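As a plain string of letters, each chain reads:
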Amino acid sequence: MPDAHPNPLDLTHLYDLIRKAKQEPQVVMELTAALLKQAKEDADHAAESAILVAIGVSQLHLGFFDESLNLFAQAEEKSGGKKEILALVVKERLQSYINNNKYKDIGSDYLLLLKIYHSFENYSEKISALNVLAGIDYSRRKIDDAISKLNEAREIARNKEDMQSQSTISGNLASIYSSLGNFPRAIREIRSAHLNCQGDRRAVVVLQMAAIYREIGKINEALLVIDSYLEEIDNSPTVLHERFLLVNKADIIVDLHQYNDAIDIVEKRELHKSPVFKIRANALDILGKAYRGQGEIDKARLFFIESLQIFAEIGPITSQAETAINLAELELSHSSQQALHYSSLAMNLLESSKKNPKLWSRALHVSSRGYAALGEFRQAYEVGEQHRELQVRLDREAEQQRLEVAFAELEFERTQAVAEIQRTALGQARGEVAALHAHLESRVEQRTRELQAANEELSAFAWSLSHYLRTPMQLVMGHADLLVSVPEAERALHADAVVQSIGRMSDILDGLLRYAERHLKPLESRPVSVGELVGEAWTELALGDGVQLVVNPLPVVVGDPAALGLVFRNLLANAAQHSRGREGARVVVRASLEGACT
């Protein structure tokens with residue numbers, strides 16, 4: 001139906017319509033038919049061009065990229081060379097390339113917009129153009145140029161006292177700093193964006209904030225931010241980014257093993273059938289993870305494959321790689337060849353660990369286990385070592401990031417509190433200053449205790465490392481000294497002893513690192529079949545035929561599967577090591593009536 005605006009063909013109104021198309025594309029598609037007809041009847045080419053842009057933006061956000069490009073081309077023809085309209089068309093076309101990771105297709109549009117963006121009489125469109133240009137600079141790794149353009153846009157927004165535009169700019173800066181690993185700066189920017197945002201923009205900022213929290217491992221904070229917003233809208237999303245929030249919530253609670261709740265969110269809202277392909281692909285991936293968690297492997301596999309196919313069409317590469325890794329992890333227990341196929345696909349997409357070190361680490365882990373299952377132990381060991389080294393570095397960096405972000409948030413709260421104090425009367429401010437100091441002191445004390453605890457754990461870990469490695473190291477040194485002095489006929493015996501001691505040191509390091517990695521994850525409590533756990537641990541150790549495993553009937557216990565698996569791998573590895581070389585060597589696992597496994 002026709003728009004109710006007094007002059008629906010006014011350019012300012014049409015700019016608003018284009019912005020609305022990014023949140024409610026289907027609604028705008030219905031509005032524009034009558035408007036386009038009216039513009040043609042009035043021979044208003046500028047309005048006709050802007051309406052075609054609005055339709056193109058709607059098509060883009062519904063997932064029809066090629067159709068949007070055709071509409072932008074029509075809009076450019078109708079612009080008649082009018083610079084402001086031409087700048088509008090070029091800006092939105094560039095934005096479509098950015099959204100679909102088609103940076104190679106940008107061509108001369110970037111230089112054209114850089115030349116004519118000053119033609120915008122509407123200051124908010126000028127700010128939008130600077131945001132787009134900054135996005136392209138960032139994609140080309142021209143970080144300083146991107147930040148410079150965003151600061152120019154911020155200055156315009158400040159002069160106009162436009163808090164909403166300032167929020168958008170802060171959000172974009174947060175995304176840049178987050179991608180650079182500068183999470184303290186990212187947190188300050190996104191908190192500032194959240195403070196200033198209004199209306200539909202709030203959903204975008206909440207999405208960005210949740211993404212940053214997830215990146216640094218603060219899952220509960222990410223969930224809290226999303227839930228707070230969804231409660232405000234009564235869990236009834238109406239615009240596009242609010243539906244993305246639902247997808248993100250479902251993804252988070254899958255990571256928290258709340259599989260039924262995640263499935264409920266996706267299937268009741270039919271997010272996996274969304275006309276917006278990005279929502280659909282992510283929702284399908286979530287269903288794959290949730291059904292895998294419930295043990296419904298065939299169903300999970302189908303969802304993963306459909307998600308992978310969509311991501312292959314629309315990007316981004318990291319999402320495609322992550323789904324491929326999810327498939328690889330699913331196939332580990334069913335087809336080692338398929339697991340290696342999908343992990344290899346993910347690594348080919350990522351090209352190196354630099355693009356996404358966390359995904360690269362997961363792909364290495366799957367590949368190591370896949371090679372081990374196929375009996376390619378040398379390859380398994382080499383890839384496993386790469387995974388271990390990378391994961392240790394990631395864990396160390398994550399801990400450092402958490403501390404830096406904690407202090408950045410404290411600093412942001414302090415800055416905001418000081419600003420609030422400056423806006424109040426002096427008498428009222430005194431009480432707030434006292435409360436602020438108490439709050440900050442409490443937070444600092446809490447963070448200090450956390451840091452001390454982390455240091456104590458690090459010290460304990462270092463002591464364990466020294467304690468357990470001392471004996472095998474002394475053996476290595478003793479046998480190495482003897483290698484110099486004993487007759488040549490006896491050297492092989494001492495060399496073998498050195499190799500065995502080094503192997504023992506490697507086993508000790510592996511065990512300690514697995515313990516350290518496991519310690520960073522929350523414990524889960526659920527029924528676990530000890531018999532199955534023992535069998536999986538023995539298979540993973542891949543000890544060959546030298547030692548036979550005998551498993552008597554074992555009970556089902558309640559505990560954390562990963563932690564129990566680590567215990568049994570260590571126990572079985574120790575038992576096998578001390579049994580190896582004996583004729584008819586066996587490792588027997590049985591349970592007493594009291595339930596203690598021996």
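Above this text you will find the structure in question.
Residues numbered from 1 in each chain as written. Predicted model: local features only at pLDDT ≥ 70, side-chain atom pairs only at ≥ 80, totals over all residues. Heavy atoms only, no water.

Another point: the overall build of the protein. Check the secondary structure of the protein and you find 24 helices and 4 strands. Residue pairs in contact within the protein that sit at least 24 positions apart in sequence constitute 62% of those at least 6 positions apart. With the model as given, the accessible surface of the protein reaches about 31000 Å², and the carbon-plus-sulfur share is 52%. (Helix = DSSP H or I, 4+ residues; strand = E, 2+ residues; numbered from the N terminus. Contact = heavy atoms within 4.5 Å. Areas by Shrake-Rupley, 256 points an atom, 1.4 Å probe, with all protein chains shown as cover.)

Of the volumes computed, that of the second largest pocket is approximately 210 Å³. M209, Y213, E221, L224 and V225 are the residues nearest the centre of the second largest pocket, which is lined by 13 residues in total. Looking at the lining of the second largest pocket, the elements with two or more residues in it are α10 (183–196), α11 (201–215) and α12 (219–232). Within the lining of the second largest pocket, the residues separate by chemical class into 6 nonpolar, 2 polar and 5 charged. (1 Å grid on protein atoms, 1.4 Å probe; cavity = no way out; pocket = protein on both sides within 12 Å on 5 of 7 lines; lining within 4 Å. Points joined across faces, edges and corners; volume = space filled by probe spheres on them. Nonpolar A, V, L, I, M, F, W, Y, C, P; charged D, E, K, R; others polar.)

The geometry of helix α3 (residues 45–61) relative to helix α4 (residues 65–78) is characterised by a closest axis approach of 8 Å and an angle of 170° between their N-to-C directions. Comparing the axis directions of α3 and α4 gives the class roughly antiparallel. Every residue of α4 that contacts α3 at H45, E48, S49, L52, V53, I55, G56, V57, Q59 and L60 is listed here: F65, E67, S68, L71, F72, Q74, A75 and K78. Split by residue class, the contact of α3 with α4 holds 9 nonpolar, 6 polar and 3 charged. (Axes fitted to C-alpha atoms, helices over the stretch in contact; angles between N-to-C directions. Parallel < 35°, antiparallel > 145°, perpendicular 65-115°, else oblique.)

The terminal C-alpha atoms of helix α16 (residues 297–314) lie 26 Å apart, and with 18 residues this matches the ideal 26 Å at 1.5 Å per residue to within 8%. Within the span of α16, buried status applies to I297, A300, F303, F304, S307, L308, I310, F311 and I314. In the segment just after α16, G315 is the residue with positive phi, at about 75°. (Expected span 1.5 Å × (residues − 1). Buried < 20%, exposed > 50% of the residue type's maximum accessible area, 1.4 Å probe, protein only.)

Here we take up the pattern of salt bridges. A complete count under the given rule lists 28 salt bridges for this structure. Across the pair E385 and R388 runs a salt bridge whose closest N-O atoms are separated by 2.0 Å. Residue E385 and its partner R388 are located together in helix α20 (residues 377–422), separated by 3 residues, close to a single helical turn. Taking relative accessible area as the criterion, E385 reaches 21% and is therefore assigned partly exposed. (Salt bridge = Lys/Arg side-chain N within 4 Å of Asp/Glu carboxyl O.)

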